Amino acid sequence: MRRTIVAATAIAAFACTEPILAQGPGEYEHVAEEYRVGDPNIAIQRLARWSEAAVTESVRYWAKLLRPEQLVAAAMAHTELAAAILDSLPHQTNVQLHHAQELLDALAARRDERERADAVRLRWYQFVISLFSSNARLDDADRYAREALGRFPRDPVLILLKGTILELSAAYNVPAPPSPTLGRNRAPDSATRNGRTLESAAAEYRRALELDPHLAVARLRLGWVHVLAGDNRARDDLTAALGDAKDDTVRYLAHLFLGGLAERQSRFDEAATEYEAALDLGNQHQTPFVALSRVETARGHPDRARELAHQLAALERIDDDPWWNYHLGALDNSALPWLRAEAHRR
């Protein structure tokens, strides 16, 4: 990914004791153009070195003057800067996201730009919600999800992301954000609370699927929630997700989850078949090796289990595993490339 150096440079710039102010009335426009048609990294680094007052003044002034494509580019410069500094400067993250929203508001106010502004804003929300979710900042994620659903109440991806926030709340054993499907009359114990939270997540996934019956990620997440709940619908859901999958990541996870379901039910031959399928799709990932080795041991095949362990140890590289990305609230993989492409559109 071409933004690899942004985080370190952005943090260093914010730590600078003498922020660089805008050098002239056109400097902010130059940042937007640099992001749009030049080097986005340079644009983000330059923006990071401005004082907060200079940025605020520039956004207020230039929101009325930038061309529509420049407004999108400037909004994305602020958004990518926000993502780069999320772990170290969370307050500044929210400031940068607020500036991005101001610029999107300005785009929406332009004649004949409302449709484009809505398309950009929808995917912007999808990215921001998944950004906070993947960093375990579930309250922030929920705040943006509620705001987004107020604007786009029937968007299935936003509803899916709302369910993901609830699922992660149960996984982290923290109180879930308020939800209409969660009871408020009494404070349940941890196990009961998590069960209710998972039920609410499943309800959101079903809502998303009502709007888009072939949204494979929603079906996958519903299937896994059913696995956790011991619900007999889990296998059908995961099989449907496998059939609707449009990429190998969803197929890989569906096979792993089907294998996990079979293993929980001591159907070890079936589990081995699913884990083998996952290994075929992700032979640079750790999880299928570990899972298949465990099942082979249960099947009474210790030699095969040891062979798998040796194969894993011999890998020259181990890629980021979608299994862990899933359980950590993986960042949305489609919204950010779309937003970047829209910002660079000429």
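This report concerns the structure included in the present document. (Residues numbered from 1 in each chain as written. Predicted model: local features only at pLDDT ≥ 70, side-chain atom pairs only at ≥ 80, totals over all residues. Heavy atoms only, no water.)

**Section: the overall build of the protein chain**
Thought 1: Broken down by element type, the protein chain carries 18 helices and zero strands.
Thought 2: Here the protein chain, with 346 residues, has 50% of them falling under the buried criterion.
Thought 3: Summed over its atoms, the accessible surface of the protein chain is roughly 16600 Å², and 51% of this surface lies on carbon and sulfur atoms. (Helix = DSSP H or I, 4+ residues; strand = E, 2+ residues; numbered from the N terminus. Buried < 20%, exposed > 50% of the residue type's maximum accessible area, 1.4 Å probe, protein only. Areas by Shrake-Rupley, 256 points an atom, 1.4 Å probe, with all protein chains shown as cover.)

**A look at the environment of A272**
Thought 1: Relative to the helices and strands, A272 resides in helix 14 (residues 268-281).
Thought 2: Considered as a pair, A272 and L256 are 16 residues apart in the sequence and their alpha carbons are 9.9 Å apart.
Thought 3: Each residue touching A272, except ones within four places of it in the same chain, is listed here: L292, V295 and R299. (Contact = heavy atoms within 4.5 Å.)

**Observations concerning a nonpolar patch on the surface**
Thought 1: Taken together, Y172, V174, W324 and L328 make up a surface patch of nonpolar side chains, about 370 Å² in accessible area.
Thought 2: Along the chain, the position of V174 falls in the loop between helix 9 (156-171) and helix 10 (190-211). (Patch = residues over 30% accessible without salt bridge, like charges linked within 9 Å, V, L, I, M, F, W, Y side chains within 5 Å. Salt bridge = Lys/Arg side-chain N within 4 Å of Asp/Glu carboxyl O.)

**Describing the packing of aromatic side chains**
Thought 1: Under the criterion given, the structure shown has nine aromatic pairs.
Thought 2: Consider the rings of F257 and W323, whose centres lie 5.7 Å apart with planes at 65 degrees: the pair is edge-to-face. Of the two residues, F257 sits in helix 13 (residues 248-264) while W323 sits in helix 17 (residues 322-327), which places them 66 residues apart along the sequence.
Thought 3: Each ring, one from F257 and one from Y326, has its centre 5.1 Å from the other, and the planes form 70 degrees; the classification is edge-to-face. Within this pair, whereas F257 is found in helix 13, its partner Y326 is found in helix 17, the two being separated by 69 residues in sequence.
Thought 4: Accessibility expressed as a relative area gives 0% for F257, which makes it buried.
Thought 5: One aromatic cluster is present, formed by W124, Y125, F132 and Y144 through successive ring pairs.
Thought 6: Taking the ring centre of W338 as reference, the NZ or CZ of R123 above it sits at 4.1 Å. (Phe/Tyr/Trp six-rings, centres within 6.5 Å; stacked < 30°, edge-to-face > 60°. Lys NZ or Arg CZ within 6 Å of the ring centre and 35° of its normal.)

**Remarks on the pattern of salt bridges**
Thought 1: The full count for this structure, using the stated rule, is 26 salt bridges.
Thought 2: A salt bridge links E270 to R235; the nearest nitrogen and oxygen atoms lie 3.2 Å apart. With E270 in helix 14 and R235 in helix 12 (residues 234-244), this pair connects stretches of sequence that are 35 residues apart.
Thought 3: Residue E270 is classed as partly exposed on the basis of its relative accessible area, which comes to 23%.
Thought 4: The partly exposed category is assigned to R235, whose relative accessible area is 42%.
Thought 5: The salt bridge involving E263 is made with R294; its shortest N-O contact spans 2.6 Å. Placement of E263 in helix 13 and of R294 in helix 15 (residues 286-298) is noted, with a sequence separation of 31 residues between them.
Thought 6: Assessed through its relative accessible area of 17%, E263 is described here as buried.
Thought 7: Among the residues examined, R294 registers a relative accessible area of 42% and is labelled partly exposed.

These figures capture arrangement, not role.
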